[in-house]
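Single-letter residue listing:
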Amino acid sequence: MKARSMLLQVAVAYLMPLLLIFSIFLLIRGHNEVGGGFVGGLVAAAAFILHAIAESPKATRAHLPLSPDKLIAVGLSIALLSGVLALFQGNPFMTGIWLKQPLPVIGKVGTPFIFDVGVYLVVIGVCLHILLNLAEDER
Amino acid sequence: MGFMILLLTGFVLTFTAPWIRRRLRKWSLPVFLLYPLAALALLWNISETIQKQSAIAVSLPWVPSLGVNLSLRIDGLGWLFGLLISGIGALVIVYAHGYLHHHPQENRFYGFLFLFMTAMLGVVWSEDIFLLFVFWELTSISSFLLIGLEHPEEKARKAALQALLVTAGGGLALLAGLVGLTLITGSSNLSVMNTLNGKIVQSELYLPVLLLILAGAFTKSAQFPFHFWLPGAMAAPTPVSAYLHSATMVKAGVYLLARLTPALGGTPQWHTLLTLFGLATLLAGAFLALGQTDLKRLLAYTTVASLGTMVFLIGLGDSLAIKSAITLILAHALYKGALFFVAGGIDHSAHTRDLNRLGGLAGTMPFTAFAAVLAGLSMLGLPPALGFISKELVYEAALESASGGNALIALIALSGVTAVGIWVAFLPFWKKPDEQTARGHGEEITLWLPPVLLGLISLGLGLLPGIASKALVQPAVEAVLLKSTPVKLALWHGFTPMLALSGLTLAIGTVLALNRMRFQPAVQTILQTLAPISPERGYERGLTGLKHFAALQTNFLQNGYFRRYLMVTILSGILLVGIVLLQSDSLPWTSFTPPRFYEVILVGVILTGVFSVTRTSSRMVAAALLGMMGFTIALIYLLYSAPDLAMVQFTIETLSVILFVLVIYRLPQFTRTRGGPPAVLDVVVSVAAGVLVTVLVLTLSAVPHDSLVTSFYAENSLKLAQGRNVVNVILVDFRGFDTLGEITVLALAGIGVFALLKLSGKTEAIRTSSQEETK
């Protein structure tokens, strides 16, 4: 992108952390209130894309802890493993296993929540994989 | 249990062998040898049980719901095959260490080899026919990988594909046949089936089942008219040809026929089909072999002839014929494996396999020559090699069968095979070298030791026919016939018609061999005239036909214009759903609640958006308008208390507008077709789609709603899945498997888009660069 807006850059600097925290908030509360891994992932992806528009796709990639394709792989693996865990207990694939005591802040933790984390990561990964590549190849 | 662990280890080795090979380099040889030697040790361990005509069986449940078990049963036949597979397998590993040294695909070769070895052992040890089928297909796949080892060469790729298509096509027929057999007998257990001959033969499914199973066995064992893939498979490195395409894999079809003899055999159909195809294959193989000059192709066609003989003998089906079939399997595996090794050694040393350019190698390659003589004796059927005994038995079985013509056909064909044997085993070593002859440069122990060993075993078994008959042949024969059958092989039977026929074969063969230069061109001319009607040409025509059809269909349905895709999709949707709707009862116009004013406003906004999209001339405006409609729909979700949906819709719309904006940069100028027939068609189709969806929604909402599912989720969401948000609980818990599938699809779509973005640029680059080259 040729001309960058200073206004947008300043706004993004404040908005991005907020959006990311919000996305994680959506992910965690998803099991009981409105939200979930899918929406959370979309919000996080939107946050990163906003950053890419304000700065540059390259700068956004530098901010990512993992490249989008790796995010997809990690997310899918987490989702799959969360289902496999039940097999070790002799239960069918994807039977939910829950911790007895809820953790502080996060709340009750169980394999469906871990599965949701996997969904969250895959959604971020796919969105960024497509959008960042499109944005980078722009002429 | 040891056998089960052995097979599992084989699959582990399939994946670790390349790595082991990379790590240990030449020290991988003893490690790799452990596997076939362990198999041999296990077989040695049960030899007493096998001699007593009993079998070892193990079974583990695999797919209990289908009644399919991982059950192995090793009887005399499986034992003999097991010995051949693991024994020759060990020699192949030794040989390959010399032959494939510094080959670029060397490491992966061992992975494929172990896959094959394991699969082949599985085929001959399986008790469950579906387990057998799985192993059977694995041998086809490993054969494909091994033939295509030289994949940079087009010839190798083509041959690999041909072998796969022919054998896997036959495999499909086999599967259907095996299912039919299970339907008749109610069991997938080979031992059970083999006791139900009467029931199978009287079933009306008998003939179709027989034909399907024969199709599978004939394609695998390269019977006429499917024989052509085997010479093509000679594109594989020689150790592969020696192992898969002569000693073991191609005998899988013969094995299956022998194995199913008690279940399917004994009928006129069985007898006629097998003897007919067997003799045709024998003749075709021998004749085609006479036209070749390449050592490996010569051997390949004589292998086809031998396989034909085996099928013919199994077709005869009496105890004498089975006895000679088993002896032939043993003798053939030993001498043909050795001759392939010899051919590979010659190729390695003289860098050619052309008969016309070979000669006088006995001096530089004494050990290879020795091996060739040992194996050649057996192939020619000279005493005291095992091949002599087996040829006597073939003639005896042919003479005892009803028609004397069988023996005559066998005589003609086997004379041809004998001539080829002389060419392959003696010409390269003792023909006087001339100016065309390629020079050989020495030999390596890894390349001559395996054929010498095989040749010595072949000679030893001929000299000690008692051991061969009692220890090896008799248990196998009894396992096929399921009854006690004493087998006594001997070198000398006195002056019999068989001996006369053997002598005659040798005489004709020698005459043919000595006059190679005179008649071989004639054979080649005949073969060239016949080429247009050869089965191989038929296969090629079928393949091109299939490609043309696929291209035609693809061009019609997927012509590259998005308009066409949308049109096809929407029109088929309208057609299929519309037919069903028309057949259902007339529309139930239920009474509606009057719309509230903010609903009217929202719908008004959407309608304005739709109208504007069709009128705008800017892509950017169109994208923004579509986004506006999406947000309005999200508002409607909110009104009807579906906050989850609304939230997803909001974020999705945001991202899609961004996506549109990014894509628009890459698109060419927005051209608009105004008026004219295409625009009218567009209007008609879109209106029809809208009407259809409306009618569909109305019809569906009129159907009394089954609330069982809804209430189940609502009640159990917190109780069973510890969550109050029912939508999310359904997504990640109740229907978590679906979601797993969906995110996998999502990930694939992401990768696909990436590939489209990156590769489309590349192909353009390639295209322009090639254009520049042509300029």
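The rules behind each value
- Residues numbered from 1 in each chain as written.
- Chains lettered and ligands numbered in written order.
- Predicted model: local features only at pLDDT ≥ 70, side-chain atom pairs only at ≥ 80, totals over all residues.
- Heavy atoms only, no water.
- Helix = DSSP H or I, 4+ residues; strand = E, 2+ residues; numbered from the N terminus.
- Buried < 20%, exposed > 50% of the residue type's maximum accessible area, 1.4 Å probe, protein only.
- Contact = heavy atoms within 4.5 Å.
- Lys, Arg positive; Asp, Glu negative; His and termini not counted.
- Charge placed at Lys NZ, Arg CZ, Asp CG, Glu CD.
- Buried area = accessible area lost by both parts, 1.4 Å probe.
- Salt bridge = Lys/Arg side-chain N within 4 Å of Asp/Glu carboxyl O.
- Polar contact = N/O pair within 3.5 Å; in protein donor to acceptor, adjacent residues only side chain to side chain.
- Nonpolar A, V, L, I, M, F, W, Y, C, P; charged D, E, K, R; others polar.
- Phe/Tyr/Trp six-rings, centres within 6.5 Å; stacked < 30°, edge-to-face > 60°.
- Expected span 1.5 Å × (residues − 1).
- pLDDT = per-residue confidence, 0-100.
- Pairing = 2+ DSSP bridges.
- Patch = residues over 30% accessible without salt bridge, like charges linked within 9 Å, V, L, I, M, F, W, Y side chains within 5 Å.
- Areas by Shrake-Rupley, 256 points an atom, 1.4 Å probe, with all protein chains shown as cover.
- Core = buried A, V, L, I, M, F, W, Y, C linked by side-chain atoms within 4.5 Å.
- Axes fitted to C-alpha atoms, helices over the stretch in contact; angles between N-to-C directions.
- Parallel < 35°, antiparallel > 145°, perpendicular 65-115°, else oblique.
- Left-handed = near helix turned anticlockwise from the far one by under 90°.

## Let's talk about the overall build of chain B
Along chain B, the regular secondary structure elements total 33 helices and 2 strands. Dimensions along the principal axes, computed over C-alpha positions, put chain B at roughly 110 × 70 × 55 Å. By the burial criterion, 49% of the 775 residues in chain B qualify as buried. Considering only intrachain contacts with a sequence separation of at least 6, the fraction spanning at least 24 residues in chain B is 78%. Between the mean site of the 48 positive side-chain charges and the mean site of the 37 negative ones, chain B shows a separation of 6 Å.

## A look at the overall build of chain A
Within chain A, the regular secondary structure consists of 5 helices and 0 strands. For chain A, the α and β elements follow one another from N to C terminus as α-α-α-α-α. The principal-axis extent of the C-alpha atoms belonging to chain A is close to 60 × 30 × 20 Å. The buried share of chain A, reckoned over its 139 residues, is 47%. The long-range share in chain A, meaning contacts at least 24 apart out of those at least 6 apart in sequence, stands at 65%. Charge-centre separation for chain A: the mean point of 9 positive side chains lies 3 Å from the mean point of 7 negative side chains.

## Thoughts on the environment of Leu83(B)
Residue and element names in this part refer to chain B. You can see Leu83 is positioned in helix α4 (residues 76–99). For the pair Leu83 and Ala39, spaced 44 residues apart in sequence, the C-alpha to C-alpha distance is 8.1 Å. Excluding residues that lie within four positions of it along the chain, Leu83 makes contacts with Leu40, Leu43, Ile88 and Leu472.

## Overview of the interface of chain B and chain A
The interface is formed by 37 residues belonging to chain B together with 43 residues belonging to chain A. Buried surface at the junction of chain B and chain A, both sides included, amounts to about 3700 Å², of which 72% is carbon and sulfur. Across the contact surface, chain B and chain A share 0 salt bridges. Our count for the contact surface shared by chain B and chain A stands at 5 residue pairs in polar contact (both at pLDDT 80 or more). Going through the elements one at a time, α29 (643–664), α32 (726–734) and α33 (736–774) of chain B are the ones with two or more residues in the side of chain B that touches chain A. With 14 residues, α33(B) is the single largest residue contributor to the side of chain B that touches chain A. Its residues assigned to classes, the side of chain B that touches chain A comprises 23 nonpolar, 9 polar and 5 charged.

## A closer look at unusual backbone geometry
Residues and elements named next belong to chain B. The step from Phe224 to Pro225 runs through a cis peptide bond, and the omega angle for that step is 0°. Among the secondary structure elements, Pro225 is positioned in the loop between α10 (206–220) and α11 (229–232). A cis geometry characterises the amide bond from Pro383 onward to Pro384, with omega recorded as 5°. One can find Pro384 in the loop between α17 (366–380) and α18 (386–400). Not every positive phi belongs to a glycine, and His102 is a case in point at roughly 70°. With respect to the helices and strands, the residue His102 is situated in the loop between α4 and α5 (106–125). By relative accessible area, which is 66% here, His102 ends up exposed. For Ser641, which is not glycine, the phi torsion reads 45° and is therefore positive.

## Some points on the side chain of Thr14(B)
Residue and element names in this part refer to chain B. Here Thr14 lies in helix α1 (residues 2–24). At a separation of 2.9 Å, a polar atom in the side chain of Thr14 contacts the main-chain carbonyl oxygen of Gly10. Not counting chain neighbours up to four residues away, the residues in contact with Thr14 comprise Gly111, Phe114 and Leu115.

## What to know about the packing of aromatic side chains
All names here are of chain B. Enumeration over the complete set of coordinates arrives at 20 aromatic pairs over all chains. Aromatic side chains Tyr35 and Phe114 sit 5.6 Å apart centroid to centroid with 80° between the ring planes, which places their arrangement in the edge-to-face category. Note that Tyr35 is positioned in helix α2 (residues 28–45) and Phe114 in helix α5, a separation of 79 residues in sequence. Seen in terms of ring centroids, Phe116 and Tyr243 are 5.2 Å apart; in terms of plane orientation they differ by 80°. Their pairing is edge-to-face. Here Phe116, found in helix α5, pairs with Tyr243, found in helix α12 (residues 238–247); they are 127 residues apart in sequence, far enough to count as distant. Of the two residues, Phe116 and Tyr243, neither departs from the other in class, the shared state being buried. These aromatic residues form a ring-pair network of at least three members: Phe32, Tyr35, Phe109, Tyr110 and Phe114.

## Side note on helix α21 (residues 445–463) of chain B
Spanning 19 residues, α21(B) covers 26 Å between terminal C-alpha atoms, matching the ideal 27 Å at 1.5 Å per step. Those residues of α21(B) hidden inside the fold are in contact with α4, α16 (319–350), α17, α18 and α22 (465–481) of chain B.

## Here we look at the confidence of the model for chain B
All names here are of chain B. Averaged over all residues, the pLDDT of chain B equals 86, while 95% of them reach at least 70. The element-level mean pLDDT for chain B is lowest in α33, coming to 73, with α10 highest at 94. When the criterion is pLDDT under 50, residues 766–775 qualifies, and its contacts beyond four places in sequence or with other chains add up to 0 contacts.

## Quick look at the pairing of strand β1 (residues 56–63) of chain B
Consecutive side chains of a regular strand alternate in pointing toward one face of the sheet and then the other. Judged from the 7 bridges that link them, β1(B) and strand β2 (residues 68–74) of chain B form a sheet pairing that is antiparallel. For Ser59(B), the partnering residue across the bridge sits in β2(B) and is Ser71(B).

## Quick notes on a nonpolar patch on the surface
Residues and elements named next belong to chain B. On the surface, Phe597, Tyr598, Ile601, Leu639 and Tyr640 cluster together into a nonpolar patch covering about 530 Å² of accessible area. The biggest single contributor to the nonpolar patch is helix α27 (residues 597–615), with 3 residues. For Ile601, the location among the structural elements is in helix α27.

## So, the nonpolar core
Of all hydrophobic cores here, the largest spans 196 residues; its most connected members are Trp125(B) and Leu264(B). Judged by nonpolar contacts, the second largest core, of 42 residues, contains Val12(A), Ala54(A), Ala79(A) and Leu131(A).

## With respect to the packing of α4(B) against α12(B)
All names here are of chain B. As a packed pair, α4 and α12 sit with axes 8 Å apart at the nearest point and diverge in direction by 160°. Overall, the two elements α4 and α12 adopt an arrangement that is roughly antiparallel. The crossing of α4 and α12 is right-handed. Contact with α4, carried on its side by Ile85, Ile88, Gly89, Val92, Tyr95, Ala96 and Tyr99, involves Thr238, Pro239, Tyr243 and Ala247 of α12 and no other residues of that element.

## Some remarks on α16(B)
Residues and elements named next belong to chain B. With 32 residues, α16 ought to run about 46 Å at 1.5 Å a step, and its terminal C-alpha atoms sit 46 Å apart, in line with that. Burial runs high along α16: 30 of the 32 residues are buried. Two to three positions downstream of the cap, the backbone nitrogen of Leu320 sits 3.1 Å from a side-chain oxygen, assigning the N-cap of α16 to Asp318. Two residues or fewer past α16, His351 is found with a positive phi of approximately 60°.

## Here we look at the pattern of salt bridges
Residues and elements named next belong to chain B. Inspection of the entire model under this criterion finds 10 salt bridges over all chains. We note a salt bridge from Glu106 to Arg21, for which the minimum N-O separation is 2.4 Å. With Glu106 in helix α5 and Arg21 in helix α1, this pair connects stretches of sequence that are 85 residues apart. Relative accessible area serves as the criterion here: at 4%, Glu106 is assigned to the buried category. Under the relative-accessibility criterion, Arg21 is labelled buried at 1%. The salt bridge involving Arg353 is made with Asp294; its shortest N-O contact spans 3.3 Å. Pair noted here: Arg353 is in the loop between α16 and α17 and Asp294 is in the loop between α14 (268–290) and α15 (295–316), with a separation of 59 residues, a long-range link. Because the salt bridges share partners, they merge into one network encompassing Arg21, Arg25 and Glu106.

## Section: the side chain of Asn725(B)
With respect to the element layout, Asn725(B) can be found in the loop between α31 (708–721) and α32. Here the side chain of Asn725(B) touches Gly30(A) through a polar contact of 2.9 Å, landing on its backbone oxygen. Ignoring sequence-local partners within four residues, the contact set of Asn725(B) consists of Gly30(A), His31(A), Asn32(A), Glu33(A), Val34(A), Gly35(A), Asp644(B) and Ser717(B).

## Regarding the environment of Leu178(B)
All names here are of chain B. Mapped onto the secondary structure, Leu178 falls in helix α7 (residues 154–185). The exposure class of Leu178 is buried, given its relative accessible area of 1%. Between the C-alpha atom of Leu178 and that of Val209, which follows or precedes it by 31 residues, the distance is 7.3 Å. Contacts of Leu178, omitting those with residues within four sequence positions, involve Ile129, Phe130, Phe133 and Ile213.

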